[in-house]
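Understanding the architecture of this molecule
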Protein chains: 2
Amino acid sequence: MTEVLPYIDSVPGFQVAGTAAGLRPDGKADFALIYSESDCVCAGVFTRNVMKAAPVLHGMARLEQSNEGIRAIAINTRSANACTGRRGLGDAEQTAAWVADALPVTADAVLVMSTGVIGLPLPMEGIRKGIEATHKQLGQDWEMAARAIMTTDTWPKLASVQVTTAGGARYTLAGISKGSGMIAPDMATMLAVIVTDAALTAAQTIRSLERANELSFNRIVVDGDMSTNDTAYLLANGHSGVALESATDLEQFQTALDALTRKLAQDIVRDGEGATKFVTIQVRGSQNAAEAKRAANSIARSPLFKTALFGEDANWGRAVAAAGYSGAELQPERTQLFVAAGETLPKEPLHLFENGMPTDYAEADAAAIMAADSLVFLLDCGCGGPGEATVWTCDFSHDYVSINGDYRS
Amino acid sequence: MTEVLPYIDSVPGFQVAGTAAGLRPDGKADFALIYSESDCVCAGVFTRNVMKAAPVLHGMARLEQSNEGIRAIAINTRSANACTGRRGLGDAEQTAAWVADALPVTADAVLVMSTGVIGLPLPMEGIRKGIEATHKQLGQDWEMAARAIMTTDTWPKLASVQVTTAGGARYTLAGISKGSGMIAPDMATMLAVIVTDAALTAAQTIRSLERANELSFNRIVVDGDMSTNDTAYLLANGHSGVALESATDLEQFQTALDALTRKLAQDIVRDGEGATKFVTIQVRGSQNAAEAKRAANSIARSPLFKTALFGEDANWGRAVAAAGYSGAELQPERTQLFVAAGETLPKEPLHLFENGMPTDYAEADAAAIMAADSLVFLLDCGCGGPGEATVWTCDFSHDYVSINGDYRS
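Basis of the calculations
Residues numbered from 1 in each chain as written. Chains lettered and ligands numbered in written order. Predicted model: local features only at pLDDT ≥ 70, side-chain atom pairs only at ≥ 80, totals over all residues. Helix = DSSP H or I, 4+ residues; strand = E, 2+ residues; numbered from the N terminus. Pairing = 2+ DSSP bridges. Contact = placed C-beta atoms within 7 Å. Axes fitted to C-alpha atoms, helices over the stretch in contact; angles between N-to-C directions. Expected span 1.5 Å × (residues − 1). Buried ≥ 20, exposed ≤ 12 C-beta atoms within 10 Å, placed from the backbone. Parallel < 35°, antiparallel > 145°, perpendicular 65-115°, else oblique. Left-handed = near helix turned anticlockwise from the far one by under 90°. Nonpolar A, V, L, I, M, F, W, Y, C, P; charged D, E, K, R; others polar.

**A closer look at unusual backbone geometry**
Note on backbone geometry: most residues besides glycine have negative phi, and most peptide bonds are trans. In the Ramachandran plot, N355(A) falls in the positive-phi region, its phi being about 55° despite a non-glycine side chain. Residue position: N355(A) is located in the loop between β12 (350-354) and β13 (357-358). Even without being a glycine, R78(B) presents a positive backbone phi close to 80°.

Set out below in structure tokens:
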């Protein structure tokens, strides 16, 4: 069992800082800088939204040239620098250039990430202040860095894993992330940066991040909106001297990365806008994993299902209906639905639906489960296949409406 | 211009009734009966949800045999008779049999429609009471019939059109509908029944209903959930003696049917659960209509966009982002967005976004528009194609969450 720590002590060769640069009207921390003392190999996964923000286009272009030589990432809140055209691309480049002025790196070694309002030009005066302040404060205050990338998040998201190899060598994996609206299947309005002092090849960073992303950031739904800015980066600086040479080494790294990204992704859902419930949706019995994921995502996105969760109403028909319109194959007469309190399925969850009709479960039992803070639903699509998938979501509350009715002000 | 009347005087050869049969805990009207004095040709369009409710399966099977010989439709609220397995199918058949006992028709001539909670067996005692009461009250109280099919609707939806042909003959088209949650692109949790005393062939009813449905009930979004029960029926009993023989006759009928179904569909959105805004989304410049509809539906479904509407916040980036993740083709650098108050686009709507970046519009102008009860957005996808589409939607409010957090009780 990989232990994921809810904090980051330090990661050899990496330094970070977060500051309040005046980007946010409320004066909270709003700018973060991540710096590596030596060159990193780097992989990135990005939003599939056609309307990609300038920092996404900038980062994709940089990594297309090469996955090596990355030294720093600057992250701002307030403006997403999305739908900002050529000016936005220029502002992203200017940000990288200013970081290169402040640190012993070239502009080509700097990535930028932005989150906030779409269509608002990057407030460049604040960006400059943020770089000036953070480059002087670089150190190991990871919580401050995690805090400085928050938008509507209510708490900072950071975690780490310590790995000891079979040969006794040690390295660290650590990451920060932010949500917490526009969280859709297939990435989200989320930013995540994961760093490690393990020594990876470019191909290893790319493959391991893509696999971890598919089972973590691609499996969370807050509101079903896919943002213009979603990005996760993995940086490896090799300071530990530990290379991943054997299949065992690689599998150990992947297990640690999977656990870390799952934690960072789940925390985004736990802190989803207005969320009062943490809900795990498991689907099985599909012909393949893609079909299962489609059904699970449809349930997780359903406003009717999500408001019933908020109301603690065991209106399970809405989950079955959402799977039914997902486009995934279901055998109505063989579909089954179970529910339980908690984050993992117990041996005997409450059986709600089978053979195309409700079981004779007691309404009081269902009501008691729905009152829990964490719920797990299991839908069997009845197709008898090996396909299964798990996604995590939250409920839709009054606060979600309040937060998003009034976000820009 | 076809005038759509917001009431129904009478339709020759048709009789209706609505009653409170005790299905609803609040004692409101909950059961409706529609009866034709002679055989009707009938077309139906149904939900594409895989988990189809028993009345949907029953009706589809009946019309597969023949589109002729329909005499009555019984409609109940409270239970959707969905996810109820074989028992549900038996209950639908029993309902039709009871109607045949009460009226001079065979069970084979009776269609049934249900709306309400999924997974709740049909309360058969109430169904019998409903049939007993309504068959004695058959007449022209269309408003009572429309009222008796309401669930979370706050007002009854009914409308009619009087048509005078070039030769001076007259016939009537009339319809009732209900919403008002689970309203998704491609039908909705909606039921609609349209009747006419024109004399149509079976092929004419099918073709005209399918075309009208595509431009009305398939173009409305309340919450993006597609129900298990969505059904619209068109019944023609020929009492006027007016047959549709020429292309002109057919086009005149289609125009009237299109206007009637558009009104019934728009009214579902106007009365959407918790809705405070009526919002028209127009998309143009796509390669084809399907692409345009996909982009429009994605905007209409976006919780972030809908909460911004509720908050009267001109956070237009959320509309562009939702189109961006729709899967429809967009040219980011050529995409444009406009907004105006009202239900149709004026000559000079406010230009918000072009060339990949915001225009220099005045925030006060945008704010003034967002404060209106009705809004129209126009998105040009920038692909230069002839494809366009219009969908209608509403905002997401606190009341939507309240209504759906507590629906079953």
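Now that the structure is up, let's keep going.
**Quick look at the pairing of strand β11 (residues 336-341) of chain B**
Note on strand geometry: in a regular strand, side chains alternate between the two faces of the sheet. All names here are of chain B. Bridge count for β11 against strand β14 (residues 374-380) is six bridges, and the pairing is antiparallel. Paired with F338 across the strands is L378, a residue of β14. Here three bridges tie β11 to strand β12 (residues 350-354), and the two strands are oriented antiparallel to one another. Paired with L337 across the strands is F353, a residue of β12.

**Looking at the sheet that holds strand β10 (residues 278-286) of chain A**
Residues and elements named next belong to chain A. With mixed pairing, the seven strands of this open sheet are ordered in space as β8-β15-β10-β14-β11-β12-β13. The sheet terminates laterally at β8 (220-221) and β13, the two strands that pair on one side only. Direction of pairing for β10 relative to strand β14 (residues 374-380): parallel, over a ladder of seven bridges. Of the residues in β14, the one forming a bridge with F278 is S374. Against the sheet, helix α10 (residues 363-370) touches β11 (336-341), β12 and β14, its axis set at about 115° to β12.

**Considerations on helix α1 (residues 54-65) of chain B**
Residue and element names in this part refer to chain B. With twelve residues, α1 ought to run about 16 Å at 1.5 Å a step, and its terminal C-alpha atoms sit 17 Å apart, in line with that. Every buried residue belonging to α1 is among A54, P55, V56, H58, G59 and R62, and all of these are buried. The inward-facing, buried residues of α1 contact β2 (31-46), α2 (85-102), β4 (110-114) and β9 (231-236).

**Notes on the packing of helix α2 (residues 85-102) of chain A against helix α3 (residues 124-136) of chain A**
Residues and elements named next belong to chain A. Running from N to C, α2 and α3 cross one another at 25°; their axes reach a closest spacing of 10 Å. Compared by their axis directions, α2 and α3 come out roughly parallel. As α2 packs across α3, the resulting crossing turns out to be right-handed. Only M124, I127, R128, I131, E132 and H135 of α3 make contact with α2, whose side of the interface consists of D91, Q94, T95, W98, V99 and A102. Among the residues making up the contact of α2 with α3, the classes are represented as six nonpolar, three polar and three charged.

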